[in-house]
Amino acid sequence: MDMATNLPFDEMHLQPEAVRTIYNAYADWLAGVPLAQLELKRQEAEVLFRRVGITFNVYGESSGKERLIPFDVIPRLLGAGEWRTLSAGAIQRVKALNMFLHDIYHKQEIIKAGVVPAAILANAQYRPEMYGVDVPGGVYAHIAGIDLVRTGESRFYVLEDNLRTPSGVSYMLENRKMMMRLFPELFRRYSVAPVEHYPQVLMNNLRAVAQPGVQEPVVVLLTPGAYNSAYFEHAFLAQQMGVDLVEGQDLFVRNNAVYMRTTDGPKRVDVIYRRIDDDYLDPLAFKPDSMLGVPGLLTVYRNGGVTLANAVGTGVADDKATYIHVPEMIRFYLGEEPILANVPTYELSKADDLKYTLEHLPELVVKEVQGSGGYGMLVGPAASKKEIEEFRLRILSSPANYIAQPTLALSTCPTLVESGIAPRHVDLRPFVLSGKTVSLVPGALCRVALKEGSLVVNSSQGGGTKDTWVLQN
Amino acid sequence: MLSRTADHLYWMARYIERAENMARVLDVTYNMSLVPNAAESETALWAPALEIAGNVEAFEARYDEYTAANVIHYLAMDENNPSSIYNALRSARENARAVRVALSAETWENINALWLEFSQFFRTNLADSGLSVFCDWVKSRSHLFRGVSFGTMLRDDAFRFVRLGTFIERADNTARLLDVKYHLLLPDEEEVGGAVDYYEWSAVLRSVSAFQAYQKVFSDTIEPWRVAELLVLRDDMPRSLHACFDEITPILEQLSGRRNSECRRIAGELHARLHYGRMDEIFQDGLHEFLEDFVVSNNNLGMEIQRSFLNAAAA
């Protein structure tokens, strides 16, 4: 936060009048474009997205209406130097998280060393079924979405790690395609690092994590089906990688192997990029009423008959209770200082942290350790006195269930809204890919909270997306 | 390819073809209704359209009268009629959406656009003035679908299942249409050559885009047996039963590979009947019996395709 003006950091402007250097050419261009023309471009994008069917489902409506995630035509820019730091930090983090996952399902040295408490093994996301199971290359989180927020020129924080089935990468790719179509002239002014090879990198990684000895691995993408809200992305990635998009009903298990049903009979499957949560993967091992999964899949997986990406049991590493320990993990496994900082977090199981938190509730965000999706959460600055006092009692009844964080002033980025161009809060999710190597394409999903002042960027709560330009120079 | 994918592709194509044929029947029936004294009653005029679609009883259960408005609504827009154009196109799009990966991007976008455009007709009163525009739109979207899939899809099994669906459905539709109208094709000594007959026959021809073809092939007055010959035995008439099986038979050969499939046998037998059959013999044994038998066999073929390719068991 800029203390002088009390305004959050803006990606484009240092002061209302001073443009950040990387935005100079864009600002020049923008000054010459009438607002009405931008609005037309926005509408054109909407028509195109609808035609391609980049939609979220709202089923049961007879008119066939499907919702579109709002797309903002003003890009977010990141300088080459900024990107170097962010990508190095994200890679470092994912390396450590994969090592942590291997460790926690094997020797558990990090617990023995007292760096992470043994209580982590009681976490609901810890899968005892995975204990002692070796996964190819020791890779657990093949695809990781690292959510980053910014509060100042060089101040980035990791808000959370998404290591289960992170989504959104199709928007990174489609938004770029759209921007190149709508504003080709801008791509002549800027040298924007390309992102289109993401599916190819992913495919190479997936092939690389087939069980040793498999010559031409057959890769499939497992989707919950056309009614899933991220179905477009599943279809998109399968198409881009040239692999079959399968549902649970298309697969079956026999003789310690997974097969798909084809018009030519059964065909062996070696690698499953699954976009179904652990709980639904195998009705024999997890939720017995799941219709989405494949009976017997877990047994084949544990015996090394098939590779799953991401691995089963990654949830224990992106849990809020584990998040706190990621900087320590980096030091423990890599012997390096973390490049990206965590949001300072108070563990209310600790007396000092609890005391501080109870004294500063109106300024803090308090989250339930096991909660997700914004449930069981207190946003101090937005809460009434009564809500705060009620929450205080809940904390006091079981402090260990909660963590607290300062309310961050997320950076803003100019965004086209009804009233014109106005600053809106943004976050950033780059996708880190792990196979033989750990890498990421120079780009990210940028989510924007379209409501004035809102800090909630989730698409389910009226958030939109922007193209993210990583500049080469 | 995945059996489920093949299933969706096959049914996607069938539903689009079904919508097109329904639109054709509606369009010509509506035009007939504008000819003075074309039929004794509204019922006599509209009932055949329902017979072709095979849902007279379902209609009667839901509507009191055979009015143009009722039948048009039932066949075009009724959400409760599983084979209304609305439901056929909706099903086509849902099938396509489930397997968009297997379609070329252009094919998928085309079907998606079709569905987005459909909503414009919700507000139109089809029975009053909008029917021709609607039917033309359905037909042209179906043409577009075939054109874009033919022009952009890799010639792999996905493409074969799409084509298979199109021609199995088309053969069924042409045979039903002809069967419902067959009594008109029986020589009737008293009334041959009447103006109404002319309109009826030409309507039959128009409903399968065969009017011009007829003129070109025979350049003569419309004779019932020639209409039958054109729609059953001529292999150069794209909606004839023979032409459909000229497409179906080789596709099944390719899909079956070295397998000894029942599909192949049924298709081969039907194809031979159309290839070597003679119209005078068909008339001798009864066109109605021939067509009825054809519809059953074609349906059996459809079920066999379903069994051997689309619902593949684990084994």
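Scroll up to find the structure.
Residues numbered from 1 in each chain as written. Chains lettered and ligands numbered in written order. Predicted model: local features only at pLDDT ≥ 70, side-chain atom pairs only at ≥ 80, totals over all residues.

Asks: Help me understand the overall build of chain B, please; the structure alone is not making it clear to me.
Replies: Along its length, chain B carries 16 helices and zero strands. Against the globule reference of 20 Å for 315 residues, chain B gives a C-alpha radius of gyration of 20 Å, in line with a compact fold. Along the three orthogonal principal directions, the C-alpha set of chain B runs to about 60 × 50 × 35 Å. When each of the 315 residues of chain B is scored for burial, the buried share is 48%. (Helix = DSSP H or I, 4+ residues; strand = E, 2+ residues; numbered from the N terminus. Rg over C-alpha atoms; globule rule 2.2 N^0.38 Å. Buried ≥ 20, exposed ≤ 12 C-beta atoms within 10 Å, placed from the backbone.)

Asks: For this particular structure, what's the right way to read the packing of helix α7 (residues 198-208) of chain A against helix α8 (residues 231-241) of chain A?
Replies: The packing of two helices is summarised by the inter-axis angle and the distance between the axes. Residues and elements named next belong to chain A. Taken N-terminus to C-terminus, the directions of α7 and α8 make an angle of 75°; their axes are 9 Å apart at the nearest point. With respect to α8, the axis of α7 lies roughly perpendicular. Together, Pro199, Leu202 and Met203 of α7 and Leu237, Gln240 and Met241 of α8 make up the contact between the two elements. Its residues assigned to classes, the contact of α7 with α8 shows five nonpolar, one polar and no charged. (Axes fitted to C-alpha atoms, helices over the stretch in contact; angles between N-to-C directions. Parallel < 35°, antiparallel > 145°, perpendicular 65-115°, else oblique. Contact = placed C-beta atoms within 7 Å. Nonpolar A, V, L, I, M, F, W, Y, C, P; charged D, E, K, R; others polar.)

Asks: Looking at this model, I keep getting lost on the nonpolar core. Mind explaining?
Replies: When a protein is soluble and globular, its nonpolar side chains tend to lie buried together. In this structure, A:Val432, B:Leu9, B:Leu26, B:Leu75, B:Ile85 and B:Leu89 are the most contacted members of the largest nonpolar core, which totals 224 residues. The dominant element in this core, judged by the number of residues it contributes, is helix α1 (residues 3-33) of chain B, at 16 residues. Apart from residues lying up to four places away in sequence, A:Val432 is in contact with A:Ala90, A:Ile91, A:Val94, A:Ala144, A:Ile146, A:Val438 and A:Leu440. (Core = buried A, V, L, I, M, F, W, Y, C linked by C-beta atoms within 7 Å.)

Asks: Hey, could you run me through helix α14 (residues 385-397) of chain A in this one?
Replies: For an α-helix the count is 3.6 residues per turn, leaving residues at separations of three or four pointing the same way. Taking 1.5 Å per residue, 13 residues should reach 18 Å; α14(A) reaches 19 Å between its end C-alpha atoms and fits that length. With one of 13 residues buried, α14(A) is to be regarded as a mostly surface element. (Expected span 1.5 Å × (residues − 1).)

Asks: Teacher, can you tell me more about the pairing of strand β10 (residues 265-269) of chain A here?
Replies: Residues in a regular strand project their side chains so that they alternate between the two faces of the sheet. Residue and element names in this part refer to chain A. With five bridges connecting them, strand β9 (residues 257-262) and β10 associate as antiparallel partners. Bridge pairing in β10 links tyrosine 259 to arginine 268. Adjacent in sequence and paired antiparallel, β9 and β10 are bridged by two residues. (Pairing = 2+ DSSP bridges.)

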